[in-house]
Amino acid sequence: MFGKLRRLFVIKTRGEAYLIIYALSLGATARGSAYLTQYPGWGGKLLFLACTGAVFLAGAKILDCLRYERDREPDVGK
């Protein structure tokens, strides 16, 4: 039961990773635009860049982890 539930939260393919990165980017831009209205000027722009930059770093880490896990798996059937 818990194994099936746990599989829902495991990223297995690059397509799933791109969907998660897209969702993260939508949230980050929404948060960044809120920062732009709350903090006009350079402060808001820097916070907006920090939000979007975090998505770039997280996306790169997700894709690297997928590549690492794929290379780590033993070749079954070969």
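Higher on the page you've got the structure.
Conventions adopted
Residues numbered from 1 in each chain as written. Predicted model: local features only at pLDDT ≥ 70, side-chain atom pairs only at ≥ 80, totals over all residues. Heavy atoms only, no water. Core = buried A, V, L, I, M, F, W, Y, C linked by side-chain atoms within 4.5 Å. Buried < 20%, exposed > 50% of the residue type's maximum accessible area, 1.4 Å probe, protein only. Helix = DSSP H or I, 4+ residues; strand = E, 2+ residues; numbered from the N terminus. Axes fitted to C-alpha atoms, helices over the stretch in contact; angles between N-to-C directions. Parallel < 35°, antiparallel > 145°, perpendicular 65-115°, else oblique. Nonpolar A, V, L, I, M, F, W, Y, C, P; charged D, E, K, R; others polar. 1 Å grid on protein atoms, 1.4 Å probe; cavity = no way out; pocket = protein on both sides within 12 Å on 5 of 7 lines; lining within 4 Å. Points joined across faces, edges and corners; volume = space filled by probe spheres on them. Salt bridge = Lys/Arg side-chain N within 4 Å of Asp/Glu carboxyl O. Expected span 1.5 Å × (residues − 1). Contact = heavy atoms within 4.5 Å.

Q: Explain the nonpolar core to me, and be specific about the residues and the numbers.
A: By size, the foremost hydrophobic cluster in this structure holds 8 residues: Ala17, Ile21, Ala28, Cys51, Val55, Ile62, Leu63 and Leu66. It is helix H3 (residues 42–72) that contributes the most residues to this core, 5 residues altogether.

Q: Go over the packing of helix H2 (residues 14–38) against H3, please, and point to the residues and values.
A: Closest axis-to-axis distance for the H2/H3 pair is 8 Å, and the angle between their directions is 170 degrees. Classified by the angle between their axes, H2 and H3 sit roughly antiparallel to one another. Of the residues belonging to the contact of H2 with H3, the class tally is 16 nonpolar, 7 polar and 4 charged.

Q: I'd like a rundown of the layout of surface pockets, residues and numbers included.
A: One simple way to see leftover space: roll a probe sized like a water molecule over the atoms. The space that makes up the largest pocket amounts to roughly 160 Å³. Lining the largest pocket are Val10, Ile11, Lys12, Thr13, Arg14, Leu63, Leu66, Arg67, Glu69, Arg70 and Glu73. Sort the elements by how many residues they give to the lining of the largest pocket and H3 lands first, with 5 residues. Within the lining of the largest pocket, the residues separate by chemical class into 4 nonpolar, 1 polar and 6 charged.

Q: Got a sec to walk through the pattern of salt bridges? Specific residues and values, please.
A: Opposite charge on two side chains lets them pair, provided their charged atoms get close. A complete count under the given rule lists 2 salt bridges for this structure. Where Arg67 meets Asp64, a salt bridge forms, and the shortest distance between an N and an O atom there is 3.5 Å. Placement of both Arg67 and Asp64 in helix H3 is noted, with a separation of 3 residues, approximately one turn of the helix. By relative accessible area, which is 38% here, Arg67 ends up partly exposed. For the salt bridge of Arg70 with Asp71, the shortest nitrogen-to-oxygen distance reads 3.7 Å. What makes Asp71 exposed here is its relative accessible area of 56%.

Q: Can you lay out H3 for me, pointing to particular residues and giving the numbers?
A: For an α-helix, 3.6 residues make a turn, and residues three or four places apart therefore share a direction. An ideal rise of 1.5 Å per residue puts 45 Å on 31 residues; H3 measures up with 44 Å between its terminal C-alpha atoms. Among the residues of H3, those classed as buried are Gly44, Cys51, Thr52, Val55, Gly59, Ile62, Leu63 and Leu66. Elements that come into contact with the buried residues of H3 comprise H2.

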